[in-house]
Amino acid sequence: IFECSHELLTQADSIKFLGEKTCGEAEYVIVLDKGNIYIGIGSDHTDRELESVSVPKSKQICPKPIGRELWVYEEVKEHWDEIKVMSYQQVDGKEVAYQDGTLADILPVEKILEELKERVGDIEQSVIFSGTVPLLGDFVYGEKFKCMLVDEVLDRKLALEYNVEIIDEGER
């Protein structure tokens with residue numbers, strides 16, 4: 001469990017990074033508000049080079065994109081494990097499948113909340129990233145990241161996509 005600044009949350013269509021070794025990971029997001037639990041989609045975008053040195057620093061250094069829509073948790077709770085999680089990287093203009101799984105592959109909402117309450121205490125008014133499904137291969141670094149949660153039972157999906165721009169490391 002890694003705490004990150006709320007200032008890292010973004011809904012920007014494009015985000016910039018220093019270095020070419022950053023990439024997203026599709027995660028469900030828990031939003032706690034006034035005793036209610038909502039579910040969204042997010043990307044735990046991470047600097048993979050820095051991650052090899054310090055996982056907490058790599059988590060704190062990148063913006064964390066989140067989707068614009070939420071589901072009421074109670075509406076999906078009974079068929080939770082059936083919800084699909086998928087992501088894609090766009091590399092050199094081609095879309096590449098990056099992750100493909102279900103929420104059964106990730107810790108459930110109740111377990112995450114229980115663990116956080118035990119370790120942290122009051123977590124009301126929080127945005128919590130869940131962890132992710134396994135990658136289909138190795139890390140892929142692309143110019144666009146796209147992810148979604150697909151609920152076939154209620155015939156809907158949560159989607160998120162953003163462009164990845166590289167900041168030149170040279171002084172100008």
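A quick note: this is a predicted structure, and the numbers were derived from the prediction, not measured.

Thresholds, definitions, all that
- Per chain, residues are indexed from 1 in the order of the written sequence.
- The predicted origin of the model limits local features to residues at a pLDDT of at least 70 and limits the giving and counting of side-chain atom pairs to 80 or more, whereas totals for whole chains, interfaces and linings rest on all residues.
- Note that water and hydrogens are dropped before the side-chain values are worked out from all heavy atoms of the structure.
- Salt bridge, as used here: a side-chain nitrogen of Lys or Arg that lies within 4 Å of a carboxyl oxygen of Asp or Glu.
- Here a helix means four or more residues in a row that DSSP labels H or I, a strand means two or more in a row labelled E, and each is numbered from the N terminus.
- We call a residue buried when its accessible area falls under 20% of the maximum for its residue type, exposed when it is over 50%, and partly exposed in between, using a 1.4 Å probe and counting protein chains only.
- Contacts: residue pairs with any heavy atoms within 4.5 Å of one another.
- A pair of sulfur atoms, both from cysteines and within 2.5 Å, is called a disulfide here.

A.B. asks: Looking at this model, I keep getting lost on the pattern of salt bridges. Mind explaining?
C.D. replies: Pairs can form between side chains of opposite charge whenever their charged atoms are close. The full count for this structure, using the stated rule, is 13 salt bridges. Residue Lys59 is joined to Asp44 by a salt bridge in which the shortest nitrogen-to-oxygen separation is 2.6 Å. Remark: Asp44 occurs in the loop between strand E5 (36-43) and strand E6 (46-47) and Lys59 occurs in helix H2 (residues 55-61); sequence separation between them is 15 residues. We note that Lys59, like Asp44, is buried. Residue Glu161 is joined to Lys144 by a salt bridge in which the shortest nitrogen-to-oxygen separation is 3.3 Å. Placement of Glu161 in strand E13 (residues 156-167) and of Lys144 in strand E12 (residues 144-151) is noted, with a sequence separation of 17 residues between them. Residue Glu161 is classed as partly exposed on the basis of its relative accessible area, which comes to 40%. Salt bridges sharing common partners tie together Glu25, Arg48 and Glu51.

A.B. asks: I would appreciate a short explanation of the environment of Glu82 in the present structure.
C.D. replies: Position of Glu82 relative to the elements: it lies in the loop between helix H3 (73-76) and strand E9 (84-91). By relative accessible area, which is 52% here, Glu82 ends up exposed. Residues Glu82 and Ile30 lie 52 residues apart in sequence; the distance between their C-alpha atoms is 17 Å. Filtering out sequence-adjacent residues up to four positions away, Glu82 remains in contact with Val150 and Val153.

A.B. asks: What exactly am I supposed to notice about the state of the cysteines here?
C.D. replies: Here, the word disulfide means a covalent bond between the sulfur atoms of two cysteines. Applying the stated criterion across every chain, the model contains zero disulfides. Here Cys23 stays unpaired: no disulfide links it, and the sulfur of Cys62, its closest cysteine neighbor, is 9.0 Å away.

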